[in-house]
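Residues per chain are reported as follows:
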Amino acid sequence: MSYCVNCGVELDPSLKRCPLCNTPVIHPSQLAQKDTQARSFYPSRKGQVDTVKRTDIAILISVILVGTAIACGLLNLFVYRQNHWSFYVIGACILLWIFFTPMLIYSRLSIYLTILFDAAAVAAYIGIVAYEFPKTVWYTHVVLPLVAVTAGLVMLYAFLRRKLSPSVLASALILILELAVFCISIELLTRYYLEKRLYISWSAVVLTCCAVIAAALFTIITRVRLREEIRRRMHI
């Protein structure tokens, strides 16, 4: 039931004007709708933007890195000539390019080839640093073997992830064991380079800690109740 806002006479819902004073009948819902339309500053229809292609991102990254490398090389050549500082920047640009662009240009690239390219890029960048110190042999005796060990461990982890599809706990177990191998490799390589002897000291502490954690993870994985309790509490 509605009434005229001017004279107060009772109105029929179908009336557009008051029969007594000829005042227009405005329903509150229509007023709210008009107010909303008046305040709408943006189009109600949303536009669509095309998805950026992976090759476009690769081109953008390449332009940025190549531009940075060329600019730093020119500065080193004509302005700041004290040392070969631009080699480090150019090497970093090459390293970043190898890290990001192959997977964008060719999405079906094998994960093992990607790891191999990344390891080669790291070795090449450290080789640029070693170029400034030609009298030392630390690059061939320590860096290259360590890069090879790291690449092998990453490839092994990727292989186990693909073939076995381990759970989160099993993946953590693999990473803990590989961490122990990595630390032992670092100490053995540096000890042999510095002292021409093979023994471990600080890496033995890391090995002990990793062994305890690995044993605990293996126990949790093999005991169903413990495994389910950990998954429930940690939401994994």
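Remember, predicted model here, so these are calculated numbers, not experimental data.

Rules behind the numbers
Residues numbered from 1 in each chain as written. Predicted model: local features only at pLDDT ≥ 70, side-chain atom pairs only at ≥ 80, totals over all residues. Heavy atoms only, no water. Helix = DSSP H or I, 4+ residues; strand = E, 2+ residues; numbered from the N terminus. Contact = heavy atoms within 4.5 Å. Areas by Shrake-Rupley, 256 points an atom, 1.4 Å probe, with all protein chains shown as cover. Salt bridge = Lys/Arg side-chain N within 4 Å of Asp/Glu carboxyl O. Buried < 20%, exposed > 50% of the residue type's maximum accessible area, 1.4 Å probe, protein only.

K.L.:
Would you mind showing me how to read the overall build of the protein here?
P.N.:
When helices and strands are counted, the protein shows 8 helices and 2 strands. Across the protein, helices and strands are ordered from the amino to the carboxyl terminus as β-β-α-α-α-α-α-α-α-α. Counting contacts in the protein only where the partners sit at least 6 residues apart, residues at least 24 apart contribute 47% of the total. With an accessible surface of roughly 17,300 Å², the protein has 67% of that area assigned to carbon and sulfur atoms.

K.L.:
I'm lost on the pattern of salt bridges in this one. Help?
P.N.:
Oppositely charged side chains may form a pair once their charged atoms are brought near each other. Within the structure shown, the criterion is met by 5 salt bridges. The closest approach of N and O atoms between arginine 191 and glutamate 187, which form a salt bridge, is 3.2 Å. Here arginine 191 pairs with glutamate 187, and both are found in helix α6 (residues 168-195), just 4 residues apart, close to one helical turn. For arginine 191, a relative accessible area of 19% puts it in the buried group. For glutamate 195, the salt bridge goes to arginine 191, with nearest N and O atoms at 3.4 Å.

K.L.:
Got a minute to help me understand the environment of leucine 188 in this structure?
P.N.:
On the secondary structure map, leucine 188 appears in helix α6. Leucine 188 sits 12 residues away from isoleucine 200 along the chain, and the two C-alpha atoms are 6.6 Å apart. Once residues within four sequence positions are removed from consideration, leucine 188 is found in contact with Leu198, Tyr199 and Ile200.

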